[in-house]
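Residue-level listing of the chains:
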Amino acid sequence: MRKKIIAGNWKMNYTITEADNFVNEIKDRINTDEVDVVICPNNICLERVSDIIEGTNIKLGAQNVHYEEKGAFTGETSANMLLSVDAKYCIIGHSERRQYFCETDEIVNKKAKKLLEKNIKPIICVGETLEQREKGELYEFISTQVKNALKDISEDDVKNNIVIAYEPIWAIGTGVTATSMQAQEMCKYIREEIRKLYNNAVAENIRIQYGGSVKPSNANEILNMEDIDGALVGGASLTDDFVAIVNY
Ligand code: PGA
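Everything numeric here is computed off the predicted structure, so don't read it as measured data.

(A) Fine view of helix α2 (residues 43-53). When we look at burial in α2, the residues that qualify are Cys45, Leu46, Val49, Ser50, Ile52 and Ile53. When α2 is viewed along its axis, its buried side chains cluster within an angular range of 160 degrees and face the same direction. Away from its buried face by more than 90 degrees, α2 exposes Ile44 and Glu47. On its buried face, α2 sits against α1 (16-26), β2 (36-40), β3 (59-62) and α3 (79-84). Capping the start of α2, Asn42 holds a side-chain oxygen 3.1 Å from the backbone nitrogen of Ile44, two or three residues further along.

Quick look at the structure:
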């Protein structure tokens, strides 16, 4: 039985004071062990949020990492730095990073390997544009994204340490949610691709989230679909809505 994982991706929101107030306000209401709850603040807020959630079941996640160990990479954050604030997860390959910061499949793969080396679990985002969906190109596109992201990653890591987030780009921040059937179909498709790449045990164990305009009103239906093992929540993770989603 796969444990659900609900992660809040704050994106570029909240100062330290705002983060402090918000997490203190919601933390008791999202402190559960029925699902894995992950908060992914911006880098400036990581340490403060880490302190606030210490001693709870809530886990810390980052939104990005560099694939090199250390060195002359101005503005970047290393996996060791994420470890130093006790981050357990890190989002990589988010469509906003692919679109605005030229993050390619190859870079996503390097980042995943670096995180795994440091025992931080990658949340690898994949997802198609509306145009790709309408042209029927989504299956091949998603399959390639998944395959490239997992290149040369061990069966054991894929089975136990990787989370995939299916996030159709047309549903991110638009208020348009994929229907639960569309989300289920693609999460199942990704699971079948993993079955082909690895084996049954890996396919049945890997957790696949849906992301894109998840809100309290649709969380229950989405999270009850057979192949959807959690949610990656953007906008709604910044408000009390996150509490309602975690307690779906
Ligand atoms: P959204 O964002 O919930 O605001 O659509 C999801 C995401 O980008 O991870």
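Once the structure has been displayed, the description carries forward.
(B) Representation of the sheet that holds strand β5 (residues 121-126). Spatial ordering of the closed barrel is given by β1-β2-β3-β4-β5-β6-β7-β8, a layout of 8 strands whose pairing is parallel. On average, adjacent strands in this sheet sit at an angle of 25 degrees to one another, irrespective of strand direction. Across 2 bridges, the pairing between β3 and strand β4 (residues 89-92) is parallel. Across the sheet, residue Ala62 finds its bridge partner in β4, namely Cys90.

(C) Highlighting the site of the ligand. Near the ligand, the surroundings consist of 13 residues, among which Lys11, His94, Glu167, Gly173 and Ser213 are the closest. Lys11 has a polar side-chain atom sitting 2.7 Å from an oxygen atom of the ligand. Interatomic distance of 2.9 Å between a backbone N/O atom of Gly234 and an oxygen atom of the ligand. In the complex, the protein chains occlude 95% of the 280 Å² of accessible area that the ligand would expose alone. Classifying every residue of the shell around the ligand gives 4 nonpolar, 7 polar and 2 charged.

(D) The arrangement of the nonpolar core in detail. In this structure, Ile30, Val49, Leu82, Ile190, Ile194, Tyr210 and Phe242 are the most contacted members of the largest nonpolar core, which totals 69 residues. With 6 residues, helix α9 (residues 180-197) is the largest single contributor of residues to this core. When sequence neighbours within four positions are dropped, the list of residues in contact with Ile190 reads Val126, Ile142, Val146, Ile164, Tyr166 and Ile208. Judged by nonpolar contacts, the second largest core, of 11 residues, contains Val38, Ile91, Ile123 and Val163.

(E) Seen up close, α9. Taking 1.5 Å of rise per residue, 18 residues should cover 26 Å, and α9 covers 26 Å from first to last C-alpha, within 8% of that figure. Of all the positions in α9, only Ser180, Ala183, Gln184, Met186, Cys187, Tyr189, Ile190, Arg191, Glu193 and Ile194 are classed as buried.

Thresholds, definitions, all that
Residues numbered from 1 in each chain as written. Predicted model: local features only at pLDDT ≥ 70, side-chain atom pairs only at ≥ 80, totals over all residues. Heavy atoms only, no water. Buried < 20%, exposed > 50% of the residue type's maximum accessible area, 1.4 Å probe, protein only. Helix = DSSP H or I, 4+ residues; strand = E, 2+ residues; numbered from the N terminus. Arc of directions from axis to C-beta. Contact = heavy atoms within 4.5 Å. Polar contact = N/O pair within 3.5 Å; in protein donor to acceptor, adjacent residues only side chain to side chain. Pairing = 2+ DSSP bridges. Axes fitted to C-alpha atoms, helices over the stretch in contact; angles between N-to-C directions. Near = heavy atom within 4 Å. Areas by Shrake-Rupley, 256 points an atom, 1.4 Å probe, with all protein chains shown as cover. Nonpolar A, V, L, I, M, F, W, Y, C, P; charged D, E, K, R; others polar. Core = buried A, V, L, I, M, F, W, Y, C linked by side-chain atoms within 4.5 Å. Expected span 1.5 Å × (residues − 1).

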